[in-house]
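For reference, the chains in residue letters:
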Amino acid sequence: MPPRVLFVCLGNICRSPMAEAVFSHLAQEAGFECEVDSAGTGSWHVGDPADPRTLATLRTHGVPYHGRGRQVRREDFMEFDHVIAMDQANHRDLLRMAPPGTESKVSLLLEWDPKAPRTDVPDPYYGGPEGFEEVYRLVDAASRALLVALREEAAR
Ligand code: 4NP
């Protein structure tokens with residue numbers, strides 16, 4: 001079965017949609033079959049399209065995205081193989097929600113990238129457009145490392 005990966009941030013309109021879009025795009029380019037989705041720990045943006053600044057940044061890099069916001073649910077921990085948090089607050093919230101026995105599916109995105117300059121993908125919501133470009137750079141590098149790791153996992 002192809003691996004299923006869920007990216008999680010707070011609002012599900014900035015960082016995790018960026019990760020979902022970039023990782024899907026890289027996997028598709030590499031011919032690696034997987035199922036990818038994203039969700040938020042919060043409920044403010046359920047049903048909303050991604051933030052216009054997220055969409056503009058993705059467009060600049062030629063990455064398509066059409067998803068809508070949704071909130072993380074308990075079933076996600078059963079249905080996905082990897083539940084990947086954008087920052088340590090999301091990571092803590094996910095570990096609190098995770099049904100017993102599923103905690104090992106929860107990780108921090110930038111931990112997958114040994115060269116990542118920091119541990120958290122910073123929340124760009126209240127900042128300027130440069131914050132979105134920074135999110136893109138961090139997410140793109142970590143997604144490349146994650147793809148290598150998941151291809152190795154799938155080959156075992
Ligand atoms: P995200 O950014 O977690 O990267 O999607 C945020 C978007 C919206 C809010 C917080 C963070 N908000 O509070 O509405």
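What counts and how
Residues numbered from 1 in each chain as written. Predicted model: local features only at pLDDT ≥ 70, side-chain atom pairs only at ≥ 80, totals over all residues. Heavy atoms only, no water. Buried < 20%, exposed > 50% of the residue type's maximum accessible area, 1.4 Å probe, protein only. Helix = DSSP H or I, 4+ residues; strand = E, 2+ residues; numbered from the N terminus. Pairing = 2+ DSSP bridges. Right-handed = clockwise from strand over helix to strand, strands pointing away. Near = heavy atom within 4 Å. Polar contact = N/O pair within 3.5 Å; in protein donor to acceptor, adjacent residues only side chain to side chain. Areas by Shrake-Rupley, 256 points an atom, 1.4 Å probe, with all protein chains shown as cover. Nonpolar A, V, L, I, M, F, W, Y, C, P; charged D, E, K, R; others polar. Axes fitted to C-alpha atoms, helices over the stretch in contact; angles between N-to-C directions. Parallel < 35°, antiparallel > 145°, perpendicular 65-115°, else oblique. Left-handed = near helix turned anticlockwise from the far one by under 90°. Contact = heavy atoms within 4.5 Å.

A word on the pairing of strand β1 (residues 4-9). Burial analysis of β1 places five of its six residues in the buried class, the great majority of the element. In this structure, β1 lies alongside strand β2 (residues 35-40), joined through six bridges in parallel fashion. Paired with Cys 9 across the bridge in β2 is Gly 40. Tracing the backbone out of β1, into helix α1 (residues 15-30) and back to the parallel element β2 gives a crossover that is right-handed.

This next bit is on the site of the ligand. Near the ligand you find Cys 9, Leu 10, Gly 11, Asn 12, Ile 13, Cys 14, Arg 15, Trp 44, His 45, Asp 123 and Tyr 125, and these make up its full shell. Cys 14 is positioned with one of its backbone polar atoms (N or O) 2.9 Å from an oxygen atom of the ligand. A total of 360 Å² of accessible area belongs to the ligand in isolation, and the protein chains cover 92% of it. Class assignment of the residues belonging to the shell around the ligand gives a composition of six nonpolar, three polar and two charged.

Here we come to the packing of helix α2 (residues 52-60) against helix α5 (residues 129-155). Axis separation between α2 and α5 bottoms out at 10 Å; the angle between their running directions is 55°. Taken together, the axes of α2 and α5 are oblique relative to one another. Note that α2 runs across α5; the crossing there is right-handed. Where α2 abuts α5, its residues Arg 53, Thr 54 and Thr 57 lie against Phe 132, Glu 133 and Tyr 136. Among the residues forming the contact of α2 with α5, the class breakdown is two nonpolar, two polar and two charged.

Any functional reading would require information beyond the geometric quantities listed.
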